[in-house]
Every structure is written in structure tokens, then in C-alpha cells.
Amino acid sequence: MSDAGTLTPQQIADHVGRGMLADDAASLGLGMTIEAMGPGTSRMSMRVRPEMLNGFKICHGGYITTLADSAFAFACNSYNELTVAAGITVDFLAPARLDDVLAAEAKEISRAGRTGLYDVQVRNQEGVLVAVLRGRSYRLKDRQTVPL
């Protein structure tokens, strides 16, 4: 990796995505993959496995929230400035079922000072909107997410 001053914002986002995922036992353990990274954006996916089903035989909302939260985390850290969640709200709109492939797409709405606002949409393989998450982020001072 070259000097940070010579990297494009896209190269920084790609580097952060690889570095974050390598150390993210929760996302890896749930089988999440990064489909796309960019400045202020990310897209992650996960297949619904049998152990993710609740008593109604639909995906437990906690797993859907975890996928959305991971996409949020990757998007707000894409500038390589260590950023944490300050709060989230989640709305469930449709059930996810066994073997559905869920994709969470996070987009930056606002980033000013040390705070940010991100929206995440979770859809199944048919494009059905399963859940939406709104996340508020807080950037820590002078800390990189992933060493360059």
C-alpha cells in the first residue's frame, strides 16, 4: 500500500473494507461478505441459515439488524477515520426466510464534524425491502480505522 496522500478515496475505502472484515469475527461468523465499498457507502450480504430462524421459522430480527449494522459500520469507517455507532433505529418491513440472501446497502446522508447519519436498506434476493436502519455515528479524534 502506498502513502495515504497518494491513495484515492475509493482505494482507501477498499483498504478499510478488507482490513475491517479481516478482524470482524461477528460479521465473518455470520457469513457476511462485502459486495461493494466506497466513500460513505457499503453493501454487504448474508445468507439466512437454519440457526438464524426464530420460533416462527423466519429470520430473527437480531440477525437482520446485525447485517444492517455491519454495513453501517463499514460505510461510516470508509474514510479510514475510526468511527463508532452513537445510535440506531430499525424497522422491519417483511420477513426473511431460510436461504434468502439478504443484502444491506448503507449510504451516507450527512457527515459534519464528528457526527454522521447513515441509512441502510436490507433487501432479499428478489429485491423485497426487508428492513431499514438509520444510524448515527461518532468519529473519534485522530485515529485510523485500519493502518495504511
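What you see is a predicted model, and the numbers here were worked out from it, not measured in a lab.

What counts and how
- Within each chain, residue numbers correspond to sequence positions counted from 1 in written order.
- Local features in this predicted model are restricted to residues whose pLDDT is 70 or higher, and side-chain atom pairs enter the listing and the counts only when it is 80 or higher, whereas totals over whole chains, interfaces and linings include all residues.
- Excluded from the side-chain calculation are hydrogens and water; included are all heavy atoms of the structure.
- A carboxyl oxygen of Asp or Glu within 4 Å of a side-chain nitrogen of Lys or Arg is what we treat as a salt bridge.
- Helix and strand definitions follow DSSP, with helices as H or I runs of at least four residues and strands as E runs of at least two, each counted in order from the N terminus.
- Exposure is judged per residue with a 1.4 Å probe applied to protein chains only, and the accessible area is read against the type maximum: over 50% gives exposed, under 20% gives buried, and values in between give partly exposed.
- Two rings from Phe, Tyr or Trp (for Trp, the six-membered ring) form a pair when their centres sit within 6.5 Å of each other. Planes less than 30 degrees apart are called stacked, planes more than 60 degrees apart edge-to-face, and all others tilted.
- The rule for a charge over a ring is simple: NZ of Lys or CZ of Arg within 6 Å of the ring centre, and within 35 degrees of the ring normal.
- Whether two strands pair comes down to DSSP finding at least two bridges between them.

Draft legend 1. Inspection of the pattern of salt bridges at higher detail. Considering all chains together, one arrives at 7 salt bridges under this definition. With a closest N to O distance of 3.6 Å, arginine 139 and glutamate 81 form a salt bridge. Residue arginine 139 is located in strand 6 (residues 129–139), and its partner glutamate 81 is located in the loop between helix 3 (61–76) and strand 3 (83–92); the two are separated by 58 residues in the primary sequence. In this structure, glutamate 105 and lysine 107 form a salt bridge, with 3.9 Å as the shortest nitrogen-oxygen distance. On the basis of relative accessibility, which here comes to 32%, the residue glutamate 105 falls in the partly exposed class. Lysine 107 sits in the partly exposed class, given a relative accessible area of 45%. Salt bridges sharing common partners tie together Glu35, Arg43, Glu105 and Lys107.

Draft legend 2. Highlighting the packing of aromatic side chains. In this structure the tally under the stated criterion is 1 aromatic pair. Pairing phenylalanine 72 with tyrosine 118 gives two aromatic rings, centres 5.7 Å apart and planes at 50°, and the pair type is tilted. Placement of the pair is phenylalanine 72 in helix 3 and tyrosine 118 in strand 5 (residues 115–123), with a sequence separation of 46 residues. Exposure class is identical for phenylalanine 72 and tyrosine 118. Each is buried. Between arginine 111 and the ring centre of tyrosine 79, over which it is positioned, the NZ or CZ distance is 3.8 Å.

Draft legend 3. The arrangement of the pairing of strand 2 (residues 41–47) in detail. Here 5 bridges tie strand 1 (residues 33–38) to strand 2, and the two strands are oriented antiparallel to one another. Following the sheet pairing, methionine 37 is matched in strand 2 by serine 42. Hairpin connection of strand 1 to strand 2: 2 residues between the antiparallel strands, including glycine 40 at a positive phi of 75°. Summarising the sheet, strand 2 and strand 4 (residues 101–112) pair through 7 bridges and their orientation is antiparallel. Pairing of methionine 46 across the sheet is with leucine 102, part of strand 4.

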